[in-house]
Every structure is written in C-alpha cells, then in structure tokens.
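Notes for the structure review
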Amino acid sequence: MKHHLFTLLFVLCVLYIAKQSRCYKILAIVPSPSYSHQIPYRRLWLELHKRGHEVVLVTADPIPNITSPNFTQIDISQSYGIIKKLDFVQRRFEGKSWLDFVKEELLHVTKVVAETVFSSTELRKLYAPESNATFDIYLTELLSAPSIYAIAHRFNVPMIGLSSVGMLAYNEHALGGLVLPSHECTWEMEDNTGANLPFLKRLRNFVNMSYYIYYYYYTLLPNHQKLAEKYFGPLPPMLDVLKNVSMLFINQADVMAPARPKLANIITFTSSHIEKKPKPLPKDLQAFLDGATNGFIYFSLGSNARSASLPLEIRRMFCDVFTKLPYRVVWKFEEDFPGKPDNVYIEKWLPQQTILAHPNIKLFIYQGGLQSSEETVYYGVPVLGFAILGDQGYQVARMEALGIGKSLEITTLKKDELENTITDLITNKNMLVFRYKERIHYIRNVVQDTPYDAVKNLAWWTEYVIRTEGAPHLRSSLAFQPWYQRCDLDIVVFLTIIIFLIASTTFYLIAKTFVYIHKKIKSTEKQKIS
C-alpha cells in the first residue's frame, strides 16, 4: 500500500514539474494612456494566464477584479495627465495635421509616457541591476516610444510588438517593410492617399513621408536612446533592438483594410474586445432607448476627443438637426448641457457596446476609432464619421469605401449637409445598388469567417516565439540592409549615370557628325562656285 502511495506521489510530482516547465514568465507593457490602446489585448493577457503562464502587466488601464497571484498589474494611469492636456478637437479646428502633431507634440508626449513607465516603483524593483527577476518574453507597443524596447535588452528576452493603429510607416521602414507614401493604408498621410493620384500629390506625400522617417531616425530615436540610458546605463542602439523584434500583433481586420504586402512576422487580428454579453444599461437610459419607437442615433467622439470641446456653433448645429429628426439621440457629452433638445440624452460615459447592440439603433455618429469601427461592424450599425486625430481619417474613409457609412469634415460642416447625410444613411433613399445595413452585415460575416479563435492564435504564437528562441527565421533581412540597397537605388543611380553618359556621348557624336557634314557641304558648294 505504501509502495503504491509513494508511486502515486512520485507521478504527481513529475506531472507537476512537467507542467511547470511549460509555464512561462511573461512581461507586457502597454504604456499608451488611451483605453482604445489597452482593450484589444486584454483577452490575450487573460488567455496567457489561463494557460498557466505568469503574467506581469504594466498598463494605464488595469483590468478589474484580477486577484490571481500569477497575474500582477502595475498601474501607470498617472500618464493620462499628459493626454488630458491635449485638446484634439481644438487642434482639428486649427487645421493641425498628424505631421504637425508629430513635429510639435510627439516627442514630449512619448518621453513623459516612457518616464512614467521607467519611474514606476514596482517596475524599477524588477529591472534594477540587483534584481533576480527573469522573464521568458516581453510584449510591448511598437509605436513612438522606442526607449521602452530597452526592457527587452535588460532581461535578454525576445520581444513581440503590439499596435492598435496598424503599422506606423517609420517602424515598417526600420523592419524592412514596404513604405508606400500614397497607398490607402498609410494613414499618416491622412486624406491625401488613394489610387492613381496626380503626380504633385504623390510628390507631396513622398516629401512628407521622407521627413516623417527622417524625424524618427534623427530626432525621436536619439532622444529616447538617451532616456533609456538614463535608467539602464549604456545600451545598444534602440534601432537594433527594434530590428530584432520577433513578431508583431496588429489589431486590424484584413477586410477592413486595403490589401498590401506584409512582413512575414506580422499577425493580424480583430474584434478581440467585443463583449459576448454586453453590460446592462442604466434604467433611465434603457427606458429612453426602449421608448425610441422611430429608432435612435448614438453620438460619441470616443475616449480621447471630447464633444464638449466642439465650438458652440457646431454644437448648436447638431442640436438644430437633432430637433428636426424623428429619432432620439444618445450623446456622449462630458459636461452639463443646458438647453439640449428634449429628444437628446447626454451622459459623460456610456456603455457603448450595449447601446450598439440595442435593436432600436439606426446610426452611429463617431470619430473613426478602430475599436468603435470593429464594434459597429459586429453589431451591424451604419456610421457617420467625423475624423479628429491620428488614424481616424483613414478609418472613416475605409468605412465609406466599404459602403457601410459616410464621412464628413466637422470643421466645415453645414446644417443641410448633416441632416441630408443622416437621413440618407438611415432611410437609404439614394441607394440603388445596396442598403447600408445589408452591406455592413456582409462585412461582419467576412470578419467573423475565421478558422480559429483570434486570441488563442495570438497566445499560441507567443509561446511559439519562446519555443523557437525569438523566431529569427521570420524576420526580414531587409531590416539590416541600407535603405538605398533595398530598392537597388544605387544601381538605379549608376544605370542612370551610365545611360546619361551614353546618351550625351551619342548626342555629342551625332552633333559633331552633323557639323562635320555641314562644313563639308559648305566647302563643296564654295568649290563649285569658284
């Protein structure tokens, strides 16, 4: 009996050790103080923890109700202070572009955010030189704060890059990807992209993109290199750390983005934050929506842009139009709103997915956020987009191109234009080929038609990177070649010079021949005359 008991205990110990050997220690840092940057990856952290891995998450939006000892969250939400100082709506009305934001604000904002991460007391204990903490992999945002990549070097682990706004062009360039200044996917060029653009517009995009990439290499990277070395001492170039990124998890539905060549180590996913059971509505809001017999419109500019920052005349315009419409309106508005129409319900925060899931909804007026776009497709709600910042212009343009909404410019908006567009989107009076609802249901079906669960797929690839010691075979070797060699520009210049020399020499010889023949003819004519 004792022998059997000993054997059983031995087997259990072996199984436990075997299980523990497959469990990894995972460090994830998502520094952006923006809810929309955090929620696409929440299910991934929970899935990795569910698989038995130990997770340390540094985030500006901690996941509530996590009590497991193997899931540690480090709160860096104080970084929201720098974002709250920026009035994105006002910048839009001032005519500021994304490139203007890059020139004027990006370096300061990203340095403040990175400093918040590095100065976190809990994180400093982990990366301190005397710390014995170890990790198997590091996941972090691959955006505009390259100093954060120093963590991968500190723990000598593979790095996986995350992005909820597609691939930024300068990161694509650094990793050996194809940078296309005028392609629809290049949201940094805002509304200047598209097929078959005129030469001057493409020239402008090329110049702007060249500056954008130059700024990254010669301003952003050097400053963040100094910032990282302030905390970690001498480091290899952050550009080299970036080039060795193992994989990239990009929040982007293929059907909702224009097709283009992608790096081999990019994994795309979508809609991971969609709630299968949306939260219940407050009772007064539930009654307001249930009583919308003609339907209702939902209006929100997201978490970073504020409706309260809209100029007074624009707010009045919306109110005048809403008053004339037979629909109720739910408006995310961050302040008190004296004099609002009776058919308008306002609140500082609203459960967006639950509202979009309500059967009486007719239209979603929004700012073009990626997660909002994913939600409106999932719940089958047409959209009217007013881009405010960043990739939102690209998003609303894509929704219009897909036939599931329309976009307008909020800074030049006219009352008739707003009313007519809302009426068209809801009633489809001018649609001859398809209805918006039918089209959005088609897009939703394409998005959901996948052979696997997207989050489980990301978790598998995370484990794969650890098992393959960084998956170096998936990295593009172009990242380590000079930029001019990637497209053989040195060869193009060489051949251009050779062709020019041949052409100019040929032209010179032809000209000399003609001159010689002309002189001969003149000489012959003179001899005949004499």
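Residues numbered from 1 in each chain as written. Predicted model: local features only at pLDDT ≥ 70, side-chain atom pairs only at ≥ 80, totals over all residues. Heavy atoms only, no water.

**Section: the environment of Ile213**
What counts, and what does not: Helical segments are the DSSP runs of H or I of at least four residues, strand segments are the runs of E of at least two, and each set is numbered from the N terminus. With a 1.4 Å probe rolled over the protein chains alone, any residue whose accessible area is under 20% of its type maximum counts as buried; one over 50% counts as exposed, and the rest are partly exposed.
Structurally, Ile213 can be placed in helix H10 (residues 199-232). In this structure Ile213 comes out as buried when scored by relative accessible area, which is 12%. Each C-alpha atom of the pair Ile213 and Ala169 lies 7.5 Å from the other, and the pair is 44 residues apart in sequence.

**Focus on the sheet that holds strand E10 (residues 344-347)**
Spelled out, the test is: By definition, two strands form a pair when at least two bridges between them are found by DSSP. All axes here are fitted lines through C-alpha atoms, helices being fitted over the stretch that makes contact, and every angle between N-to-C directions spans 0 to 180 degrees. Only heavy atoms enter the contact rule, under which two residues are in contact if any of them lie within 4.5 Å.
The parallel open sheet is built from six strands, whose spatial order is E10-E9-E8-E11-E12-E13. The sheet terminates laterally at E10 and strand E13 (405-407), the two strands that pair on one side only. Sheet twist, expressed as the mean angle between neighbouring strand axes with direction ignored, is 15°. The sheet contact formed by strand E8 (residues 296-299) and strand E9 (residues 328-332) spans four bridges and is parallel. When the sheet's bridge partners are listed, Tyr298 is paired in E9 with Val330. On the sheet, helix H13 (residues 312-324) packs against E8, E9, E10 and strand E11 (361-366) and is oriented at approximately 155° with respect to E9.

**Here's the deal with the pairing of strand E2 (residues 54-59)**
Most of E2 is tucked away: five of the six residues are buried. Direction of pairing for strand E1 (residues 25-30) relative to E2: parallel, over a ladder of six bridges. Each bridged residue has a counterpart across the sheet, and for Ala28 the counterpart in E2 is Leu57. Relative to strand E3 (residues 71-75), E2 runs parallel, the two being bridged by five bridges. When the sheet's bridge partners are listed, Val58 is paired in E3 with Ile74.

**What to know about the packing of aromatic side chains**
Note the following rule: A pair of aromatic rings is counted whenever rings of Phe, Tyr or Trp (Trp by its six-membered ring) have centres within 6.5 Å, and the orientation is called stacked for planes under 30 degrees apart, edge-to-face for over 60 and tilted otherwise. Note on criteria: charge over ring means Lys NZ or Arg CZ within 6 Å of the ring centre, with the direction from the centre no more than 35 degrees off the ring normal.
In total, this model carries 32 aromatic pairs according to the counting rule given. Seen from their ring centres, Phe299 and Trp331 are 4.8 Å apart, and the 25° between their planes marks the pair as stacked. Taken together, the positions of Phe299 in strand E8 and Trp331 in strand E9 put the pair 32 residues apart, joining distant regions of the chain. An aromatic cluster is built from Phe299, Phe318, Phe322, Trp331, Phe333, Phe337 and Phe386, whose rings are joined through pairwise contacts. When the ring centre of Phe135 is taken as reference, the NZ or CZ atom of Lys25 above it lies at 5.8 Å. The ring centre of Trp460 lies 5.4 Å from the NZ or CZ of Arg467, which sits over that ring.

**Describing the pattern of salt bridges**
So the rule is basically this: A carboxyl oxygen of Asp or Glu within 4 Å of a side-chain nitrogen of Lys or Arg is what we treat as a salt bridge.
In the structure shown here, the tally under the stated rule is 16 salt bridges. Residues Arg51 and Glu463 are paired through a salt bridge, measuring 3.0 Å at the closest nitrogen-oxygen approach. Of the two residues, Arg51 is situated in the loop between helix H3 (42-50) and E2 and Glu463 in helix H19 (residues 454-467); the sequence distance between them amounts to 412 residues. A salt bridge links Glu275 to Lys279, with the shortest nitrogen-to-oxygen separation between them at 2.7 Å. The class of Glu275 is partly exposed, set by a relative accessible area of 24%. Through salt bridges with shared partners, a single network forms among Arg91, Lys96, Glu104 and Glu105.

**Examining the sheet that holds strand E7 (residues 266-269)**
In any sheet, the strands associate via hydrogen bonds between backbone groups, in a parallel or an antiparallel arrangement. An order of E3-E2-E1-E4-E5-E6-E7 is seen for the seven strands of this open sheet, with the pairing classed as parallel. Unpaired on one side and paired on the other, E3 and E7 mark the two borders of the sheet. Across this sheet, the average inter-strand angle for adjacent strands is 15°, counted without regard to direction. Where strand E4 (residues 137-141) lies against strand E5 (residues 159-163), four bridges are found, and the strand directions are parallel. Across the sheet, residue Thr140 finds its bridge partner in E5, namely Gly161.

**Observations regarding H10**
Convention followed: Multiplying one less than the number of residues by 1.5 Å gives the expected span of a helix. Bending is quantified residue by residue as the angle between axes fitted to the seven-residue window ending at that residue and the seven-residue window starting at it.
Between the first and last C-alpha of H10 there are 47 Å, a value that for 34 residues agrees with the 50 Å anticipated at 1.5 Å per step. Along its length, H10 reaches its greatest deviation from straightness, about 35°, at Tyr216. A positive phi of about 80° marks Gly233, the residue just after H10.

**Digging into a nonpolar patch on the surface**
The criterion, for reference: Every patch collects residues that have over 30% relative accessible area and no salt bridge, joining them within 9 Å if they carry like charges and within 5 Å if they are nonpolar side chains (Val, Leu, Ile, Met, Phe, Trp, Tyr). Methods summary: accessible areas were calculated by the Shrake-Rupley approach with a probe of 1.4 Å, and residue burial reflects only the protein chains presented.
Together, Ile491, Val493, Phe494, Leu495, Ile497, Ile498, Ile499, Phe500, Leu501 and Ile502 line one region of the surface with nonpolar side chains, adding up to about 970 Å² of accessible area. Among the structural elements, Phe494 can be located in helix H21 (residues 489-529). A relative accessible area of 51% means that Phe494 is categorised as exposed.

**Here's the deal with unusual backbone geometry**
At Ser271, a position not held by glycine, the phi torsion is positive, near 60°. Among the structural elements, Ser271 can be located in the loop between E7 and helix H12 (283-290). Although it is not a glycine, Ala471 adopts a positive phi angle of roughly 45°. Structurally, the position occupied by Ala471 is in the loop between H19 and helix H20 (483-486). For Ala471, a relative accessible area of 0% corresponds to the buried category.

**As for the nonpolar core**
Burial of nonpolar side chains together is a common tendency in soluble globular proteins. Note the threshold: Among buried residues, those of type Ala, Val, Leu, Ile, Met, Phe, Trp, Tyr and Cys that are joined through side-chain atoms within 4.5 Å constitute a nonpolar core.
Counting 106 residues, the largest nonpolar core has Phe118, Phe318, Phe322, Trp331 and Ile422 as the members making the most contacts within it. Here this core gets 12 residues from one element, more than from any other, and that element is H10. Residue contacts for Phe318: discarding those within four places in its chain leaves Phe299, Trp331, Phe386, Ile410, Leu413 and Leu418. Ranked by size, the runner-up nonpolar core spans 30 residues in total, among them Leu281, Phe296, Tyr345 and Leu350.

**Things to note about the confidence of the model for the chain**
Interpretation of this model should avoid reading the predicted coordinates in detail wherever pLDDT is low. Selection criterion: Known as pLDDT, the predictor's per-residue confidence is scaled from 0 to 100.
Averaged over all residues, the pLDDT of the chain equals 91, while 94% of them reach at least 70. Confidence drops under a pLDDT of 50 for residues 13-21, and excluding neighbours within four residues, the segment shows zero contacts in the predicted structure.

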